[in-house]
Amino acid sequence: MAVSFNLEQNVLLDREIAEKVKNYLLGGDHEESHHFVKRSVSSSSDENDSSDLRDPEKPAGVIDWTFSEQAPVSPDPNIEAPLAWLSQCYVITYNCLDYVLLLNQQRFALLTRSASDDSQYEIGCLKELDYQLGFAKEDNITCGCLFGLGTHRVSETLDCLIVAIGMSNGHVVFFTERGVLLFYEQFSESEIYNVTFDQTEDSQQLTVVTSADFFAVDPISLHSTLLKAKSAIAKSEKTAEELSKSLEVDVDRLKPEKSKNGIRHVLFTGVHCQSSFKQY
């Protein structure tokens, strides 16, 4: 089996920028809101006490064990792990690490390659699910993805970058890379487990996954809807809420025949032809 891969240059995240993003996503000290849940960074030491080593041949005595609530492990100041907090975020990358999306609770941060130095990241936007999404007061972000919105202009290949956010209340919300809310759609009453945008040689597909079924969103209708929404919002003609009530996307709802324990992820591999003899 042959495996192809590309080697990419390292991209650095400046300590000051990393601290700012960390404080925004985990600390809750920027644009504080009453519904934001603060989270703290925890780490564990790799050091083992020799007194804890057990004889593998000796019975463990499980019956005699007593269980008690463990105290949270406090960070060790002697261990430097400046990016350990990333493990508490949902991380998505796009286009060979040109963009990195970090999700946590009701906030997200988008990092982009710096225009002055492509080996460094800069903050594209910091966004919180605010008053524009009245249905999001008690719900959190569960997943997300990034994809480009194509354009007919000859000078540019992309109109903008789209940030798609899946939520615990069954909504999928679409923002631009600057954090402008464009459109949202409710796919389910339950949690969205995964939102992916897959591209093959001859087709594209946005897939929204819940525990019981999944939705295949038609890329042509989605492209048209997002372009209309972006244009209307830029001209201040309508709000995202008004556009979400009037615009539609074509969706196929699919359900596996056998899924006793539910599903978590769906991979779109493109259109395949059935094996058959060709008539000459």
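Per-chain numbering applies: the sequence of each chain, read as written, is numbered from 1 onward. For this predicted model, a pLDDT threshold of at least 70 governs which residues receive local features, and a threshold of 80 or more governs which side-chain atom pairs are given and counted, while totals over whole chains, interfaces and linings are taken from all residues. With hydrogens and water set aside, each side-chain value is computed from the structure's full complement of heavy atoms.

As named in an unreviewed UniProt entry, the protein is Rab3-GAP regulatory subunit N-terminal domain-containing protein, taken from Trichostrongylus colubriformis.

Trainee: What is the right way to look at the packing of aromatic side chains in this model?
Mentor: Given two aromatic rings, one states the distance between the centres and the angle between the planes to describe the pair. Put simply, two rings from Phe, Tyr or Trp (the six-membered ring, in Trp's case) pair if the centres are within 6.5 Å, and we call them stacked under 30 degrees between planes, edge-to-face over 60, tilted for the rest. As enumerated under the stated definition, the model contains 5 aromatic pairs in all. Each ring is checked for a lysine NZ or an arginine CZ that lies within 6 Å of its centre and within 35 degrees of its normal; such an atom marks a charge sitting over the ring. The aromatic ring of Tyr24 is capped on one face by Arg107, whose charged end is 4.7 Å from the ring centroid.

Trainee: Just to check I follow, could you spell out the pattern of salt bridges for this structure?
Mentor: Side chains that carry opposite charge are capable of pairing whenever their charged atoms lie near each other. Salt bridges are defined by distance alone: a side-chain nitrogen of Lys or Arg within 4 Å of a carboxyl oxygen of Asp or Glu. Taken as a whole and judged by the stated rule, the model has 4 salt bridges. A salt bridge links Arg107 to Glu128, with the nearest nitrogen and oxygen atoms 3.4 Å apart. Residue Arg107 is located in strand S3 (residues 107-113), and its partner Glu128 is located in strand S4 (residues 121-128); the two are separated by 21 residues in the primary sequence. Buried residues are those whose accessible area, probed at 1.4 Å on protein chains only, stays under 20% of the maximum for their type, while exposed residues exceed 50% and partly exposed ones sit between those limits. For Arg107, a relative accessible area of 0% translates into the label buried. Between Arg253 and Asp213 there is a salt bridge, with the nearest N and O atoms lying 2.7 Å from each other. Of the two residues, Arg253 sits in strand S12 (residues 251-254) while Asp213 sits in the loop between strand S10 (204-209) and strand S11 (214-217), which places them 40 residues apart along the sequence. By relative accessible area, which is 60% here, Arg253 ends up exposed. Secondary structure follows DSSP: runs of H or I at least 4 residues long count as helices, runs of E at least 2 residues long count as strands, and numbering of each begins at the N terminus.

Trainee: Help me understand the pairing of strand S9 (residues 194-199), please; the structure alone is not making it clear to me.
Mentor: The side chains of a regular strand alternate, first on one face of the sheet and then on the other. When DSSP finds two or more bridges between two strands, those strands count as paired. Direction of pairing for S9 relative to S10: antiparallel, over a ladder of 6 bridges. Following the sheet pairing, Asp198 is matched in S10 by Gln205. Two successive antiparallel strands, S9 and S10, enclose a turn made up of 4 residues.

Trainee: Could you clarify how one ought to interpret the nonpolar core in this entry?
Mentor: One broad rule of soluble globular proteins: the nonpolar side chains tend to lie buried together. Each nonpolar core is a collection of buried residues, namely Ala, Val, Leu, Ile, Met, Phe, Trp, Tyr and Cys, held together in the definition by side-chain atoms within 4.5 Å. If you look at the biggest cluster of nonpolar residues, it comprises 25 residues, and the most contacted ones within it are Phe147, Ile162, Phe174, Val195, Leu206, Leu222 and Leu226. Of all the elements in the fold, those that place two or more residues in this core are strand S5 (141-150), strand S6 (158-167), strand S7 (171-176), strand S8 (181-186), S10, S11 and helix H2 (219-234). Non-local contacts of Val195, meaning those with residues more than four positions away in its chain, are made with Cys143, Gly144, Cys145, Ala164, Gly166, Val172, Leu206 and Thr207. Counting residues in hydrophobic clusters, the runner-up holds 19 residues, among them Ile141, Val163, Ile165 and Tyr184. In this description, contact between two residues means that some pair of their heavy atoms is separated by no more than 4.5 Å.

Trainee: What am I meant to see in the sheet that holds strand S1 (residues 90-94) here?
Mentor: Hydrogen bonding along the main chain pairs the strands of a sheet, whether they run parallel or antiparallel. Read across the open sheet, the 4 strands follow the order S1-S2-S3-S4; overall the sheet is antiparallel. Edge positions in the open sheet fall to S1 and S4, since each of these has one partner strand only. Put simply, the sheet's adjacent strands are angled 15° from each other on average, direction ignored. By the bridge criterion, 6 bridges tie strand S2 (residues 99-104) to S3 in an arrangement that is antiparallel. By the bridge assignment, Leu103 is partnered in S3 with Phe108. Together, S2, S3 and S4 form the strand contacts of helix H1 (residues 15-27), whose direction differs from that of S4 by roughly 15°. Note on definitions: angles span 0 to 180 degrees between N-to-C directions of axes, and those axes are lines fitted to C-alpha atoms, for helices only across the stretch in contact.

Trainee: How do you make sense of the side chain of Ser114 when you look at a structure like this?
Mentor: Tracing the backbone shows Ser114 in the loop between S3 and S4. Apart from the residues lying within four places of it in its own chain, the contact partners of Ser114 are Gln120, Tyr121 and Glu122.

Trainee: What exactly am I supposed to notice about the layout of surface pockets here?
Mentor: By rolling a water-sized probe across the atoms, one finds the places where empty space is left. Definitions used for this entry: grid spacing 1 Å over protein atoms alone; cavity, a set of points where a 1.4 Å probe fits but cannot get out; pocket, an open set with protein on both sides within 12 Å along at least 5 of 7 lines; lining residue, one with an atom within 4 Å of a point. Grid points are joined across faces, edges and corners, and a volume is the space filled by probe spheres set on the points. If you add up the space inside the second largest pocket, you get close to 270 Å³. What lines the second largest pocket is a set of 14 residues, among which Phe147, Gly148, Phe197, Gln199 and Gln204 lie closest to the centre. Listing elements by their share of the lining of the second largest pocket, those giving two or more residues are S5, S9 and H2. When its residues are assigned to classes, the lining of the second largest pocket shows 8 nonpolar, 5 polar and 1 charged. In this count, Pro and Cys sit with the nonpolar residues alongside Ala, Val, Leu, Ile, Met, Phe, Trp and Tyr, while Asp, Glu, Lys and Arg are called charged and the others, Gly among them, polar.

Trainee: What exactly am I supposed to notice about the side chain of Asp139 here?
Mentor: Along the chain, Asp139 falls in the loop between S4 and S5. Definition of a polar contact: a pair of N or O atoms within 3.5 Å, with one able to donate and the other able to accept a hydrogen when the atoms are protein atoms, and with sequence-neighbouring residues admitted only if both atoms are side-chain atoms. Looking at Asp139, its side chain comes within polar contact range of the side chain of Ser168, at 3.3 Å. A distance of 3.3 Å separates a polar atom in the side chain of Asp139 from a polar atom in the side chain of Asn169. Leaving out residues up to four positions away in the same chain, Asp139 has contacts with Gln106, Met167, Ser168 and Asn169.

Trainee: Just to check I follow, could you spell out H2 for this structure?
Mentor: Each α-helix winds once per 3.6 residues, and so residues spaced three or four apart point in a common direction. Helix length check: H2 (16 residues) gives 22 Å between terminal C-alpha atoms against 22 Å at 1.5 Å per residue, within 8%. Listed in full, the buried residues belonging to H2 are Ser221, Leu222, Thr225, Leu226, Ala229 and Ala232. Buried residues in H2, looked at end-on, bunch into an arc of 135°, giving them a common side. The exposed residues of H2 that point more than 90 degrees off its buried face are Ile220 and Ala234. Working rule for helices: expected span equals 1.5 Å times residues minus one. Relevant arc is that of directions from the helix axis to the C-beta atoms, nothing else.

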